[in-house]
Amino acid sequence: MENLASKYDGILQSGNLTKYILETSVYPREPESLKELRNATASYPMHFMGTHPDAGKLMGILLKLLNAKKTIEIGVFTGYSLLLTALNIPDDGKIIALDPDRKAYEVGLPFIKKAGVEHKIDFTESPALPVLDKLLEDPSNDENFDFAFVDADKHNYWNYHERLIKLIKIGGLIIYDNTLWGGTVAWPEEALLDPRRKKVRQDAIAFNNAIASDTRIEICLASIGDGFTICRRAH
Ligand SMILES: C[S@@+](CC[C@H](N)C(=O)[O-])C[C@H]1O[C@@H](n2cnc3c(N)ncnc32)[C@H](O)[C@@H]1O
Ligand SMILES: O=c1cc(-c2ccc(O)cc2)oc2c(O)c(O)ccc12
């Protein structure tokens, strides 16, 4: 029988511990604009797709450590991770943000404007692959980005990886979200009943296996949010 608790209890499979972490170290220091965007998303369809705030906190620290200036985001939804990125890069930083769903982006846009960071965002209403291919047609984009965050159609993660690895600088980071898919990657296949969740589990397992043997990167599969695969381009 499918254990839906994992979806709501976080990857720790413990609602109390997830709540403790959020209430102790995340919510009290979450910027007001992010909190407002998160609250506005709560009444939007599929609101659970927003990046987990604890994972967002880690992403913010990594962006600062890296001094990231030029970034790519694949999968914007209402913009939690996008606003978080915009708040953690310098005033002249730029984010190429890609999503075919402009309506969801517009839910978060007022909070992005209020935070005064809209000028850092170049949103394109499109599936990501053709835009990445276009970027790669111009050699000046090779190794020109510090950071990328991927949180979109899970079956395309390897296709994104093959393109992002050329666009990201040596020493830069690519983060893939949902790579533990509620913990189900370690479950027996028959334990999952919903065919769509089953398919995403298979996509996540295939991606995790492929990335684990990619010698161009160092990886850390962090059990935060829904599973964050943090890749550092090594060469
Ligand atoms: C999980 S949500 C992203 C959540 C977002 N990072 C946040 O913090 O709120 C996934 C998004 O991926 C988008 N998406 C689906 N297919 C896509 C594609 N081919 N290219 C880019 N984005 C895509 C969906 O429209 C959806 O908004
Ligand atoms: O339940 C979901 C579904 C997705 C998803 C499915 C198909 C796409 O083309 C894009 C996204 O993503 C999710 C997600 O990122 C998350 O953190 C929780 C749930 C889901």
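Predicted model only: the values in this text are computed from it and were never measured. (Residues numbered from 1 in each chain as written. Chains lettered and ligands numbered in written order. Predicted model: local features only at pLDDT ≥ 70, side-chain atom pairs only at ≥ 80, totals over all residues. Heavy atoms only, no water.)

Draft legend 1. The arrangement of the packing of helix α7 (residues 128-137) against helix α8 (residues 157-167) in detail. The N-to-C vectors of α7 and α8 enclose an angle of 30°; their axes lie 10 Å apart at closest approach. Here α7 lies roughly parallel to α8, going by the angle between them. Note on packing geometry: the crossing formed by α7 with α8 is left-handed. Seen from α7, the contacting residues are Ala128, Leu129, Leu132, Asp133, Leu135 and Leu136; seen from α8, they are Asn159, Tyr160, Arg163, Leu164, Lys166 and Leu167. Tallied by class, residues from the contact of α7 with α8 come to eight nonpolar, one polar and three charged. (Axes fitted to C-alpha atoms, helices over the stretch in contact; angles between N-to-C directions. Helix = DSSP H or I, 4+ residues; strand = E, 2+ residues; numbered from the N terminus. Parallel < 35°, antiparallel > 145°, perpendicular 65-115°, else oblique. Left-handed = near helix turned anticlockwise from the far one by under 90°. Contact = heavy atoms within 4.5 Å. Nonpolar A, V, L, I, M, F, W, Y, C, P; charged D, E, K, R; others polar.)

Draft legend 2. Broad picture of the nonpolar core. Ranked by size, the top nonpolar core spans 30 residues in total, and within it Met59, Leu82, Tyr105, Ile112, Ile121, Phe147 and Ile175 carry the most contacts. Per element, the largest residue contribution to this core is five residues, and it comes from helix α5 (residues 80-87). Contact partners of Phe147, with chain neighbours within four places excluded, come to Met59, Leu63, Leu66, Ala68, Lys70, Thr71, Ile72, Ile168, Leu173 and Ile175. Judged by nonpolar contacts, the second largest core, of 24 residues, contains Leu98, Phe145, Tyr157 and Leu167. (Core = buried A, V, L, I, M, F, W, Y, C linked by side-chain atoms within 4.5 Å. Buried < 20%, exposed > 50% of the residue type's maximum accessible area, 1.4 Å probe, protein only.)

Draft legend 3. Region of interest: the pattern of salt bridges. For the structure shown, the criterion picks out 17 salt bridges. Close ionic contact of Glu143 with Arg233 constitutes a salt bridge, the shortest N to O distance being 3.1 Å. Of this pair, Glu143 sits in the loop between α7 and β4 (145-150) while Arg233 sits in strand β7 (residues 228-233), placing them 90 residues apart in sequence. Between Arg196 and Asp194 there is a salt bridge; the shortest N-O distance is 3.5 Å. Take Asp194: its relative accessible area is 22%, and that puts it in the partly exposed class. One network of salt bridges, in which partners are shared, links Glu30, Lys35 and Arg38. (Salt bridge = Lys/Arg side-chain N within 4 Å of Asp/Glu carboxyl O.)

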